[in-house]
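Observations on chain architecture
Chain by chain, the residues:
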Amino acid sequence: MPASPSTARAINDRLALRLLQQDGPLTATQLKTLTGLSRPTVADLVERLRSAGLIRVVGESGAVRRGPNAKLYGIVADRAHLAALDVRLGSVSVVVADLLGATLAEDSLPIGSDTGTEPAVELAAALLERTARAAGPVPLHSVGIGAPGLIDPATGELRDSSGLPAWHRGLVRELQRRLPATVLVENETNLAAVAEHREGAARDRETFVLLWLGQGIGAAVMLDGKLRQGASGGAGEIGFLPVPGVSGLPSAVNCEGGFHSLAGSGALCELAAAHGLVDRAAVAEGQEEAAAVDAVRAALEAGEAGEPFLKEVADRLALGSAAVVSVLDPGCVLLAGAVGHAGGVALAARVEERLAAMSPLRTEVRAGSLGDGAVLRGALISARDAAQDALFAPEG
């Protein structure tokens, strides 16, 4: 059945708002070209959106005024603010932005492992509140949180996981309790994939797998433009993947003996030490990620002398990638996280070459372009998407 006039208006308004958010500011003529709608229809929707306070005139195209068609329309970006949190094992980072994603304020705070659950929750919540105040008096509408661990797809809540600080779950509950904003939480690796897909190295890919190479190791699966979390929220828990080259097997509560033991930062530190790139005894607990990043950079700078280490790293990453590729055939694997960012194009090329020798399925391997900030950016995109549906919903 054809859409009713009110439904058609709502669809057209949403399309125009999405274009203004992604590509704006735009003139009415540009909106006509991009939407394929008639000039009168575009004129009507522009008037509706202006009357609703969703868009406004932000300037004119060209140096000389040329009448109504020269007006540039843009989203009313300060209608509400958004916040994103990147919650790590020992820290939390916050950014507050407007509805177009422009950063207004940001801050971060270390939270030591000896900090109790309630004090840690209060420290993180207070950090968000301070950053929101620094961004201005506009209220927060949506808050996106990226954290390690599994997200229950039925409830949207962070599941209790061994090895992760209790304050992570406590923080989500506390923010939901004390903020009038919508609070969303998602696995950090999944958010990195969302960010790389929307704004980074995978913008031209609707299907890909992102490997997050940080303190731990994880994967995110994007199929046909949609993030796939799995039946229990655990799609991409590649650290538990059994692989050759390690002793033992992983268990339901511990990924030691899985791919984590081969390609996690701790394993890469051990490998770097064997190649004389790192003094393993000098790497403090919790600092393995930084040491692995330093080792990869040092090996790249060393030229031929660093090649044996880089070859072994590529071999290890290709092994886990081959397992994923054989099941999903994504056509593209993205290396992200601090270690993936440090390796860059050079490491990605080595992994692609090794993977091509192991798998008959042609797979491009790329380096992520957003670096360690991908999680925060993905959380902000999540918050922005939630706000768009609520705020940019013109009455039909």
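A brief report on the enclosed structure follows. On a predicted model such as this, the values are computed, not experimentally measured, just so you know. (Residues numbered from 1 in each chain as written. Predicted model: local features only at pLDDT ≥ 70, side-chain atom pairs only at ≥ 80, totals over all residues. Heavy atoms only, no water.)

In terms of nonpolar packing, the biggest core is built from 42 residues, with Phe-259, Phe-309, Leu-317, Leu-335 and Val-351 touching the most fellow members. Per element, the largest residue contribution to this core is nine residues, and it comes from helix H10 (residues 307-328). One finds Ala-124, Leu-128, Ala-181 and Val-185 within the second-largest nonpolar core, a separate group that totals 30 residues. (Core = buried A, V, L, I, M, F, W, Y, C linked by side-chain atoms within 4.5 Å. Buried < 20%, exposed > 50% of the residue type's maximum accessible area, 1.4 Å probe, protein only. Helix = DSSP H or I, 4+ residues; strand = E, 2+ residues; numbered from the N terminus.)

With that settled, the discussion passes to helix H12 (residues 374-391). Taking 1.5 Å as the rise per residue, H12 with 18 residues should run 26 Å; its terminal C-alpha atoms sit 25 Å apart, in good agreement. Those residues of H12 that sit buried are Ala-374, Val-375, Leu-376, Gly-378, Ala-379, Leu-380, Ile-381, Ala-383, Arg-384, Ala-387, Gln-388 and Leu-391. The inward-facing, buried residues of H12 abut helix H1 (5-23), strand S4 (81-87), strand S5 (91-97), strand S7 (140-147), helix H6 (188-199) and strand S9 (208-213). (Expected span 1.5 Å × (residues − 1). Contact = heavy atoms within 4.5 Å.)

With that out of the way, let us pick up the pattern of salt bridges. Overall, the coordinates contain 17 salt bridges when judged by the stated rule. Among the ionic pairs, Arg-88 bridges to Asp-86, the shortest N-O distance being 2.8 Å. The same class applies to Arg-88 as to Asp-86, namely buried. Within the structure, one salt-bridge network assembled from shared partners comprises Glu-122, Glu-129, Glu-174, Arg-177 and Arg-178. (Salt bridge = Lys/Arg side-chain N within 4 Å of Asp/Glu carboxyl O.)

The next point concerns the side chain of Thr-189. Looking at the secondary structure, you find Thr-189 in helix H6. By relative accessible area, Thr-189 is classed as buried at 5%. Setting aside chain neighbours within four positions, we find Thr-189 in contact with Leu-210, Trp-212, Gly-218, Ala-219 and Ala-220.

This part takes up the sheet that holds S4. If you trace the five strands from one edge of the open sheet to the other, you get S6-S5-S4-S7-S8, paired in mixed fashion. Among the strands making up the open sheet, the edge pair consists of strand S6 (103-110) and strand S8 (182-187). Taken pair by pair, the neighbouring strands of this sheet meet at an average axis angle of 15 degrees, ignoring direction. Of the pairings in the sheet, the one linking S4 to S5 comprises six bridges and is antiparallel in character. Its bridge partner being in S5, Ala-83 is matched across the sheet by Val-96. In this fold H6 packs onto S7 and S8, with an angle of close to 95 degrees to the strand it touches most, S8. (Pairing = 2+ DSSP bridges. Axes fitted to C-alpha atoms, helices over the stretch in contact; angles between N-to-C directions.)

This next bit is on the sheet that holds strand S13 (residues 364-367). With respect to topology, five strands assemble into an open sheet ordered S11-S10-S9-S12-S13, the strand pairing being mixed. Since the sheet does not close on itself, it has two edges, and those belong to strand S11 (226-227) and S13, each with one partner. Bridge analysis of strand S12 (residues 332-336) against S13 gives four bridges, and the strand direction is parallel. Its bridge partner being in S13, Leu-335 is matched across the sheet by Ala-367. Against the sheet, helix H11 (residues 337-358) makes contact with S9, S12 and S13, and its axis sits at roughly 160 degrees relative to S13, the strand it touches most.

The subject of this paragraph is the side chain of His-141. The topology assignment puts His-141 in strand S7. Other than its neighbours up to four places away in sequence, His-141 contacts Ala-80, His-81, Ala-181, Thr-182, Ala-386, Ala-387, Ala-390 and Leu-391.

This paragraph deals with unusual backbone geometry. Negative phi values dominate among residues other than glycine, just as trans dominates among peptide bonds. Across the junction of Gly-24 and Pro-25, the peptide omega takes the value 0 degrees, indicating a cis bond. Relative to the helices and strands, Pro-25 is located in the loop between H1 and strand S1 (26-27). Its identity is not glycine, yet Asp-224 carries a phi of approximately 55 degrees, on the positive side. Structurally, Asp-224 is set in the loop between strand S10 (217-223) and S11.

Our focus in this paragraph is the packing of helix H2 (residues 28-35) against helix H3 (residues 39-51). Packing of H2 against H3 leaves a shortest axis separation of 9 Å and a crossing angle of 115 degrees. Once H2 is placed against H3, the crossing between them reads as right-handed. The residues of H3 that touch H2, namely those facing Ala-28, Thr-29, Leu-31, Lys-32 and Thr-35, are Arg-39, Val-42 and Val-46. For the contact of H2 with H3, the per-class residue count stands at four nonpolar, two polar and two charged. (Left-handed = near helix turned anticlockwise from the far one by under 90°. Nonpolar A, V, L, I, M, F, W, Y, C, P; charged D, E, K, R; others polar.)

At a minimum axis separation of 11 Å, H1 and H2 run at an interaxial angle of 110 degrees. With respect to H2, the element H1 is oriented roughly perpendicular. The hand of the H1/H2 crossing is right-handed. Contact residues: Leu-15, Ala-16, Leu-19 and Leu-20 in H1; Leu-31, Leu-34 and Thr-35 in H2. Split by residue class, the contact of H1 with H2 holds six nonpolar, one polar and no charged. (Parallel < 35°, antiparallel > 145°, perpendicular 65-115°, else oblique.)

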